[in-house]
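A look at the structure
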Amino acid sequence: MSSSKSRAAERTARAQQARAEQERAERRRKLLSVGGVVLAMVLVIGVGFLVQRDRDTSADVAAPSAGQGDYGVTIGEADAPHDIVIYEDFLCPFCGELEEASRADLARLAEEGKVTVEYRPFELLSRISDYSGRATNAFAVVLEESGPEVAKAFHDLLFENQPSESGPFPSDEDLVELAVEAGAQEDAVAEGIESGARSDWVDEATQAAQDAGVQGTPTVLLDGEVVNGGSVEEIAELLVAGVE
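Below is a short write-up of the structure.

Cut-offs used in this document
Residues numbered from 1 in each chain as written. Predicted model: local features only at pLDDT ≥ 70, side-chain atom pairs only at ≥ 80, totals over all residues. Heavy atoms only, no water. Buried < 20%, exposed > 50% of the residue type's maximum accessible area, 1.4 Å probe, protein only. Helix = DSSP H or I, 4+ residues; strand = E, 2+ residues; numbered from the N terminus. Contact = heavy atoms within 4.5 Å. Axes fitted to C-alpha atoms, helices over the stretch in contact; angles between N-to-C directions. Parallel < 35°, antiparallel > 145°, perpendicular 65-115°, else oblique. Left-handed = near helix turned anticlockwise from the far one by under 90°. Nonpolar A, V, L, I, M, F, W, Y, C, P; charged D, E, K, R; others polar. Polar contact = N/O pair within 3.5 Å; in protein donor to acceptor, adjacent residues only side chain to side chain. Core = buried A, V, L, I, M, F, W, Y, C linked by side-chain atoms within 4.5 Å.

1. Considering helix α6 (residues 186-195)
For the α-helix, the turn length of 3.6 residues means that residues three or four positions removed from each other point alike. Of all the residues in α6, the buried ones are V189, A190, G192 and I193. On its buried side, α6 packs onto α3 (131-146) and α5 (172-182). One or two positions beyond α6, positive phi appears at G196, with a value near 70°.

Printed below as a string of C-alpha cells:
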C-alpha cells in the first residue's frame, strides 16, 4: 500500500516538474518573440530617422541657377522667367515620389517656356547601398556619351525602376539595359557604366552639392529659394503654383 502511494507521489512530482519546464520554455519563447519585435522596431525607427535626416532641407542653400550647374541635365529654355533646381539621389524614395508627382507638370511648364528645370543627381545614400553611386555614375556616362536628351530619358527610367532602400538593387548590367532603353548605344556606355568610369564626376557632383549647402534629398529650389512642404506632393504643388 505504501509502495503504491510512493509511486503515485513520484508520478505527481514528475508531472509537476514537466509542467514547470513547459511554463519556463513558454516564457522564454515569449521573451524572444517580444525581443525580436522590439529589435525590428528599433531597426525600422533607425532607418526612418536616417532617411528623414537625409531629407532635411531646412538649411540655407546657395546654388547656381538652373542651366548654370556643371552636374545635371536641364529642360526648358535658358531665358525662361522661372528656374527650378532639384538635387536628388537615385535611391532616395522621396526623390522618387517627387519625380512621380512633378515630372509631367514640369515638362509641360518647360515646354510652354515658363521655367527652366535642372535635375542634379549626386551620391547621398552610399551608406545604404553602393547603388546610389553606381546609378549616378551611369547617368554621367550616358550624359557624356549620348547627350542630354537621352540622359534625361535615362534619368526618368532610373526613377521609374527605383529599387527599395532594402534592395534588391539593380546590377550594372541592368543599368546598361536601362540606358539602351533610353536611347543610348550599348557599345558607347556599357564599359563606362560597368567600370565606374565617371566616379570622379560623382565625387565632384556630390562635393558641389555639399558646397551649395545641400544636406538632404530632395532639395528643391524655385528661383533660388528652397521650397519646403509637409509632403513631396505639397512641394510639387508649390512648384507648379509658383511657376504658373
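Next comes the rest of the description.
2. Considerations on the packing of helix α2 (residues 93-111) against helix α8 (residues 232-243)
In a pair of packed helices, the angle between the axes and the distance between the axes together describe the arrangement. It is at 8 Å that the axes of α2 and α8 come closest, and there the two elements cross at 20°. Between α2 and α8, the interaxial angle falls into the category roughly parallel. When the axes of α2 and α8 are compared, the crossing they make is right-handed. Residue-level inspection shows F94, E97, L98, A101, S102, D105, R108 and L109 of α2 in contact with α8, the latter providing V232, I235, A236, V240 and V243. Along the lines of polarity and charge, the residues of the contact of α2 with α8 split into 9 nonpolar, 1 polar and 3 charged.

3. Observations concerning the environment of E112
For E112, the location among the structural elements is in the loop between α2 and β3 (115-121). In this structure the C-alpha to C-alpha distance between E112 and G76, which are 36 residues apart in sequence, comes to 8.3 Å.

4. Remarks on the environment of N137
With respect to the helices and strands, N137 occurs in helix α3. The exposure class assigned to N137 is buried, which follows from its relative accessible area of 4%. When the C-alpha positions of N137 and S199 are compared, they lie 5.7 Å apart, and in sequence the two are 62 residues distant. Looking at N137, its side chain comes within polar contact range of the main-chain oxygen of G192, at 3.3 Å.

5. Remarks on unusual backbone geometry
Look at the link from G167 to P168: it is a cis peptide, with omega at 0°. Position of P168 relative to the elements: it lies in the loop between α4 (148-160) and α5. Geometrically, the link from T217 to P218 is a cis peptide bond, its omega value of -10° lying close to zero. With respect to the secondary-structure elements, P218 resides in the loop between α7 (199-211) and β4 (219-222). Positive phi outside glycine occurs at D223, with the angle close to 50°. Tracing the backbone through its elements, the reader meets D223 in the loop between β4 and β5 (225-226).

6. Side note on the nonpolar core
Counting residues in hydrophobic clusters, the biggest one holds 60 residues, and the most contacted among them are I84, Y87, V142, F154 and I193. Among the elements that take part in this core, α3 stands out by supplying 7 residues, more than any other. In this structure, V142 is in contact with G147, V150, A151, F154, A179, V189 and I193, ignoring residues within four places of it in sequence.

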